[in-house]
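The primary structure of each chain is shown beneath.
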Amino acid sequence: MIELPTLGWQSIVILVVFGVSLLIATYCTYAERVIAAFLQDRVGPDRAGPFGLLQPLADAVKLFTKEEFFPAGANRALFVLGPCLAMITALMSSAVIPFGNVIQFGTNVFNLQGIEVNIGMLWVFGIVSLGVYGVMIGGWASNNKFSLLGAIRAGSQNISYELAMGMALIAVLMISGTLSLREITLQQSVAGEWHFWNIVKQPLGFIIFLVCAFAETNRTPFDLPECETELVGGYHTEYSSMKMGLYLFAEYVNVFVASAVMSVLYFGGFNFPFQYELRDWFVNSQGWELTSAQNLISIVGLLGLFGKIFAFIFFFMWVRWTLPRFRYDQLMRLGWTILIPLAIFNILLTGGLILGGIIK
């Protein structure tokens, strides 16, 4: 067994996390087309490779080989920086998500997580908040009034829905008492109590968080920043080639991260039903070593978490091809007059239930 320092193992994990995030974002473009075709009863991608599986590769070749275009009067440096910033912040937000429990090989023990910090949820919120700068900079630097309007819409939309999302998160933090995503996950893994995931304790908070996640990722019915019926294409109207591709990939990475965060906060993360009973069965009945049994449970938990993430990604795409987009006044009214009061009510209700000893 190769002995590597802890930093070496975690560096490998970080690279794998970034690679998986990019791979999932790439094939989300394929899944989007397949799901859209299924919901609309038509043929989806089926030309590039078997079942169209090479369609993302064809898209990448197309984006890399298209002509680079810079609008007249655009700020060239900021015009390039915008999509780069959007992509970088999207990838950075996945670094603190615990994708699995510990894995041990010999004396090497490491977490299936890029970095573990005790303010993991603040990290996600902070990085996601920075992501809107990529949209704002790109829209302003394009020297196009429609792009600028789309960027302003994105900024005001993110600010509005981050407030409700943060308040929904406060209720979870009141129960868990920590900002660490790993700790929040482990608190949902009490033996014999797998059915007490946070979704049971926080159903209203989850609904608020889910709606806000749609708004934060600019997905239909909250895709007003790129509303083609009003703004041609919104903040990325003037973009072409891979700069346009970075904006598109950043959206799918954000969908992946939002799905992972919701799975961790409300659906137990890498925990799954009867995991401790299964581990004990391997140890007591099959004669496995505890380390080997725990490694197997960690791998199954990793697969289970990705199953939850893919279910959320499917839901994101299902909603996109089912519901029409809101008007902008409806979008802002929903955020300020409905979701924020509901989030405040949820905080008060959670405090009362904790005070009464009903939930812990």
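Residue indices begin from 1 for each chain and proceed along its sequence in written order. The predicted origin of the model limits local features to residues at a pLDDT of at least 70 and limits the giving and counting of side-chain atom pairs to 80 or more, whereas totals for whole chains, interfaces and linings rest on all residues. Note that water and hydrogens are dropped before the side-chain values are worked out from all heavy atoms of the structure.

- Looking at an unreviewed UniProt entry, the chain carries the name NADH-quinone oxidoreductase subunit H, with the source organism given as Hymenobacter chitinivorans DSM 11115.
- UniProt positions are given in the numbering used here, feature names are shortened, and annotations may be inferred rather than shown by experiment. Check the Subunit (unreviewed entry) section of the UniProt entry for the chain; it says "NDH-1 is composed of 14 different subunits. Subunits NuoA, H, J, K, L, M, N constitute the membrane sector of the complex."
- Comment text from UniProt for the chain, heading Catalytic activity (unreviewed entry), reads "a quinone + NADH + 5 H(+)(in) = a quinol + NAD(+) + 4 H(+)(out)".

## Digging into the pairing of strand E1 (residues 100-105)
Line of reasoning, step 1. Here the rule is simple: two strands pair whenever DSSP picks up at least two bridges between them. Under the DSSP-based scheme used, a helix requires at least four consecutive residues in state H or I and a strand at least two consecutive residues in state E, with every element numbered from the N terminus. Where E1 lies against strand E2 (residues 108-112), five bridges are found, and the strand directions are antiparallel. What sits directly across from Ile103, in E2, is Phe110.
Line of reasoning, step 2. Hairpin remark: E1 followed by E2, antiparallel, with two residues in the connecting loop; positive phi at Gly106, about 65 degrees.

## Concerning the layout of surface pockets
Line of reasoning, step 1. Put simply, the largest pocket is a space of about 660 Å³.
Line of reasoning, step 2. The wall of the largest pocket is formed by 28 residues, among which Arg33, Met244, Leu248, Tyr252 and Arg320 lie closest to the centre.
Line of reasoning, step 3. It is helix H10 (residues 241-266) that contributes the most residues to the lining of the largest pocket, seven residues altogether.
Line of reasoning, step 4. A cavity here means a set of points on a 1 Å grid, drawn over the protein atoms and nothing else, where a 1.4 Å probe fits but cannot get out; a pocket is an open set with protein on both sides within 12 Å along at least five of seven lines, and a residue lines either one if it has an atom within 4 Å of a point. Grid points are joined across faces, edges and corners, and a volume is the space filled by probe spheres set on the points. In this structure, the second largest pocket occupies an estimated 230 Å³ of space.

## Concerning the UniProt feature "transmembrane region" (unreviewed entry) in the chain
Line of reasoning, step 1. Mapped onto this numbering, the UniProt entry gives "transmembrane region" (unreviewed entry) at residues 12-30, 78-100, 120-142, 163-182, 194-215, 252-276, 296-319 and 331-359.
Line of reasoning, step 2. Annotated as 96% helix and 0% strand, the span residues 120-142 places its first and last C-alpha atoms 34 Å apart.
Line of reasoning, step 3. What you have in residues 296-319 is 100% helix and 0% strand, and the ends, taken at the C-alpha atoms, are 35 Å apart.

## A closer look at the confidence of the model for the chain
Line of reasoning, step 1. A residue's pLDDT is simply how confident the predictor is in it, with values from 0 to 100. Averaged over every residue, the pLDDT of the chain is 85; residues scoring 70 or more account for 96%.
Line of reasoning, step 2. The secondary-structure element of the chain with the lowest mean pLDDT is helix H9 (residues 228-231), recorded at 75, while helix H8 (residues 203-216) shows the highest, at 92.

## A closer look at the packing of aromatic side chains
Line of reasoning, step 1. Stacked, edge-to-face and tilted are the three classes for Phe, Tyr and Trp ring pairs, Trp counted by its six-membered ring, which pair at centre distances within 6.5 Å; planes under 30 degrees apart are stacked, over 60 edge-to-face, the rest tilted. Enumeration over the complete set of coordinates arrives at 22 aromatic pairs.
Line of reasoning, step 2. The interplanar angle of 0 degrees and the centroid separation of 4.1 Å between the aromatic rings of Phe79 and Tyr239 together place this pair among those described as stacked. Taken as a pair, Phe79 in helix H3 (residues 76-92) and Tyr239 in the loop between H9 and H10 lie far apart in primary sequence, 160 residues in all. For the pair Phe79 and Tyr239, one class covers both residues: buried.
Line of reasoning, step 3. Centroid distance Phe306 to Phe310: 6.0 Å. Interplanar angle 45 degrees. Geometry classified as tilted. One end of the pair is Phe306 and the other is Phe310, both in helix H12 (residues 290-320) and four residues apart, which spans about a single turn.
Line of reasoning, step 4. Whether a residue is buried, partly exposed or exposed follows from its accessible area with a 1.4 Å probe, protein chains only, as a fraction of its type maximum: under 20%, in between, or over 50%, in that order. Assessed through its relative accessible area of 15%, Phe306 is described here as buried.
Line of reasoning, step 5. Each member of the aromatic cluster is reached from another via a ring pair, and the members are Phe70, Phe79, Tyr235, Tyr239 and Tyr247.
Line of reasoning, step 6. Placement of a charge over a ring requires the Lys NZ or Arg CZ to be within 6 Å of the ring centre, with the centre-to-atom vector within 35 degrees of the ring normal. Across from the ring centre of Phe70, 4.0 Å away, lies the NZ or CZ of Arg76, which sits over that ring.
Line of reasoning, step 7. The lysine or arginine in question, Lys243, covers the ring of Phe70, its NZ or CZ lying 4.8 Å from the ring centre.

## Considerations on the environment of Ser147
Line of reasoning, step 1. As for its placement among the helices and strands, Ser147 is situated in helix H5 (residues 145-176).
Line of reasoning, step 2. Placed 79 residues apart in sequence, Ser147 and Glu226 show a C-alpha to C-alpha distance of 8.4 Å.
Line of reasoning, step 3. The criterion used for residue contact is that any of the two residues' heavy atoms lie within 4.5 Å. Setting aside anything within four residues of it in sequence, one finds Ser147 in contact with Gly139, Ser142, Gly234, Tyr235, Thr237 and Glu238.

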